[in-house]
Amino acid sequence: MNFLKPPEKIWKYLREIGLQYYPIYRFSVLNVDVVNILSPEDIEIILSSIKHTTKSMLYDMLHSWLGGGLLTSYGAKWHNRRKILTPTFHFHILEQFIDTFVEQSAKIVNKLEAECDKPWTNVVPLVSEYTLNSICETAMGTPMDEESSTCKRYVQKVHRIGEIYLHIITHPWCDFLLTFVFTPTFWELRRLVKELHAFSSSVIQKRKATFKRSDTKSETPSKRRQAMLDLLISAMNSGEPIDDQGIQEEVDTFIFEGHDTTSACISLTLLMLACHGDVQQKVVEEIQQVFGNSDRHPTHQDLSNLRYLEQVLKESLRMYPSVPLISRLSDEEVKMNSGYTIPAKSIVHIHIYDLHHNPTLYPDPYKFDPERFTVENSKNRHPFAYIPFSAGPRNCIGQRYAFLEIKIVIVEILKRFVLEAVDLPENITLLVNLVLRVKNGLRVKFKKR
């Protein structure tokens, strides 16, 4: 398989061979076999099993940055970390985050006010700032400095790291032959990781100081917003199997995953709403039914009542899954539903994007149609035909957090603006990266409603 192509051509090539060799195919890189599965029946066998929960060597390159955090760890370490972190996403904790999401949404709305006189706005930087601010204040309990350019620099560094990792994946012999360490790119990667670690370390130190002051004042957790970082610090103080390095690993993981994946979803949903005025109008009418003319902060029940908006978000994540590919290591020989047997210790790529664009599962798969996700239209669909947050034991721990955050910002934007199309789906260029990316951003026109 030839991966010596630009990111956009690799993306297109993977789609072509996925259609050609559906439902399963294999390629080799430096004598390492990689099995690629695309059918929901085969995907269910891998993802639903507790035997195939180890991430493949594809994630090894992330260790210098994310260490052994929840994304990359496995076995007892992963189970312990998941157990510690699960309470962060309890219903009652998530409710505490609503006000923060509304406050951060107000900031992006204010910035969009100034964009209304422009012919178009690239939504990606604004949305990335919103999601990074939100994850730092909710999960880390540390508001960002609004006057600094820290957000912008952090996002740029994450994007650049993704490009470097893609280079390593598509030129594996460089790393294998140890020639990569003699290149400027290697030293750039080291510098970027060091700078990202410095950012997350500052977040941890700020929260630790706040945490100690709260303890001194005998402030109970119920009287302050419980951040994920609080749980990690409490767990370490209580003797749980996590130390300062472990806290750093989880903070790096959650800052990256908690802002980048939701940013991709929000940006592409705004594009879809701009391109489909009828869908946008239905969402606006639903918002008006729930909120009327009130500017009150939404409750969890309000957001649950926005059922059509939820269909829109699900369809957006079907068309543009934030993580288009995940990869596992087969713990033992496994027989696929398609009739093939995957050897033990094989790399198994699960192509979520191709699954979501399977014309048998989703007729006219490149058409944006939220009606696919009505209760009636969803009830007979294979349970592993739609997996934007993965599935099984290692599903995304933060999916309810993500939906809450995304719903709120979409509501606040649509209350105040009409979105008009500038870029169209057929004209955007998707790229291979850690998270789904679009070449040259996404342009939308905003008009005051």
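The rules behind each value
Residues numbered from 1 in each chain as written. Predicted model: local features only at pLDDT ≥ 70, side-chain atom pairs only at ≥ 80, totals over all residues. Heavy atoms only, no water. Helix = DSSP H or I, 4+ residues; strand = E, 2+ residues; numbered from the N terminus. Rg over C-alpha atoms; globule rule 2.2 N^0.38 Å. Contact = heavy atoms within 4.5 Å. Areas by Shrake-Rupley, 256 points an atom, 1.4 Å probe, with all protein chains shown as cover. Lys, Arg positive; Asp, Glu negative; His and termini not counted. Charge placed at Lys NZ, Arg CZ, Asp CG, Glu CD. Axes fitted to C-alpha atoms, helices over the stretch in contact; angles between N-to-C directions. Nonpolar A, V, L, I, M, F, W, Y, C, P; charged D, E, K, R; others polar. pLDDT = per-residue confidence, 0-100. Pairing = 2+ DSSP bridges. 1 Å grid on protein atoms, 1.4 Å probe; cavity = no way out; pocket = protein on both sides within 12 Å on 5 of 7 lines; lining within 4 Å. Points joined across faces, edges and corners; volume = space filled by probe spheres on them. Buried < 20%, exposed > 50% of the residue type's maximum accessible area, 1.4 Å probe, protein only. Arc of directions from axis to C-beta. UniProt positions renumbered as here; feature names shortened; annotations may be inferred.

A count of helices and strands for the chain gives 17 helices and 11 strands. Compactness check: the chain gives a C-alpha radius of gyration of 22 Å against a globular reference of 22 Å for 449 residues, within 12% of the reference. With the C-alpha coordinates aligned to their principal axes, the bounding extent of the chain is approximately 60 × 55 × 45 Å. In the chain, once contacts between residues fewer than 6 apart in sequence are set aside, the share between residues at least 24 apart is 74%. Split by element, the accessible area of the chain, about 20400 Å² in all, is 53% carbon and sulfur. Across the chain, the centroid of the 54 positively charged side chains sits 2 Å from that of the 53 negatively charged ones.

Their axes nearest at 8 Å, the elements helix H12 (residues 277-291) and helix H14 (residues 307-319) cross at an angle of 145 degrees. Between H12, through Val279, Lys282, Val283 and Glu286, and H14, the contact on the second element is made entirely by Arg307, Tyr308, Leu309 and Val312. Looking at side-chain class alone, the contact of H12 with H14 contains five nonpolar, no polar and three charged residues.

Predicted confidence across the chain gives a mean pLDDT of 90, with 93% of residues reaching 70 or more. Between residues 216-223, whose pLDDT stays under 50, and residues either more than four places distant or in other chains, the model counts three contacts.

This part is about unusual backbone geometry. Cis rather than trans, the peptide bond between Tyr22 and Pro23 has omega equal to 10 degrees. Tracing the backbone through its elements, the reader meets Pro23 in the loop between helix H1 (7-20) and strand S1 (24-29). Phi angles above zero are rare outside glycine, and Asp364 is one such case at about 50 degrees.

Across a sheet, paired strands are connected by hydrogen bonds in the backbone, their directions being either parallel or antiparallel. The strand order S3-S11-S8 describes an open sheet built from three strands, whose pairing is antiparallel. The sheet terminates laterally at strand S3 (121-122) and strand S8 (417-421), the two strands that pair on one side only. Pairing of S8 with strand S11 (residues 443-448), which is carried by five bridges, proceeds in the antiparallel orientation. From the neighbouring strand, Glu420 faces S11, where its bridge partner is Lys445.

With that settled, consider empty space enclosed by the protein. According to the stated counting rule, one finds two cavities of 30 Å³ or more in the structure shown. Quantified by volume, the second largest cavity comes out at close to 30 Å³. As for the second largest cavity, its lining consists of Ile108, Leu112, Val123, Leu126, Val127, Leu270, Ile413 and Phe446. Of all the elements in the fold, those that place two or more residues in the lining of the second largest cavity are helix H5 (91-113) and helix H6 (123-138). Top element by residues in the lining of the second largest cavity is H6. It accounts for three residues. Split by residue class, the lining of the second largest cavity holds eight nonpolar, no polar and no charged.

So, about helix H4 (residues 75-85). For H4, the complete set of buried residues consists of Trp78, Arg81, Arg82, Ile84 and Leu85. All buried residues of H4 lie within an arc of 160 degrees about the axis, which places them on one face of the element. In this structure, H4 carries Ala76, His79 and Lys83 as exposed residues pointing more than 90 degrees from its buried face.

The four strands are arranged S1-S2-S7-S4 in an open sheet whose pairing can be described as mixed. Each edge of the open sheet is held by one strand with a lone partner, namely S1 and strand S4 (325-329). Adjacent strand axes in the sheet meet at a mean angle of 25 degrees, parallel and antiparallel pairs treated alike. As judged from the six bridges shared by S1 and strand S2 (residues 32-37), these two strands associate in the antiparallel manner. Looking at the pairing, Arg26 lines up with Val35 of S2. Across the face of the sheet, helix H2 (residues 40-47) comes into contact with S2, S4 and strand S7 (347-351) while running at roughly 130 degrees to S7.

Moving on to the UniProt feature "binding site: heme" (unreviewed entry) in the chain. According to UniProt, the "binding site: heme" (unreviewed entry) feature falls on Cys396. With respect to the helices and strands, Cys396 occurs in the loop between helix H16 (375-378) and helix H17 (399-416).

In this section: the pairing of S2. Two successive antiparallel strands, S1 and S2, enclose a turn made up of two residues, where Leu30 displays a positive phi of approximately 50 degrees. Sheet topology note: the S2/S7 ladder contains four bridges and is parallel. From the neighbouring strand, Val34 faces S7, where its bridge partner is Ile347.

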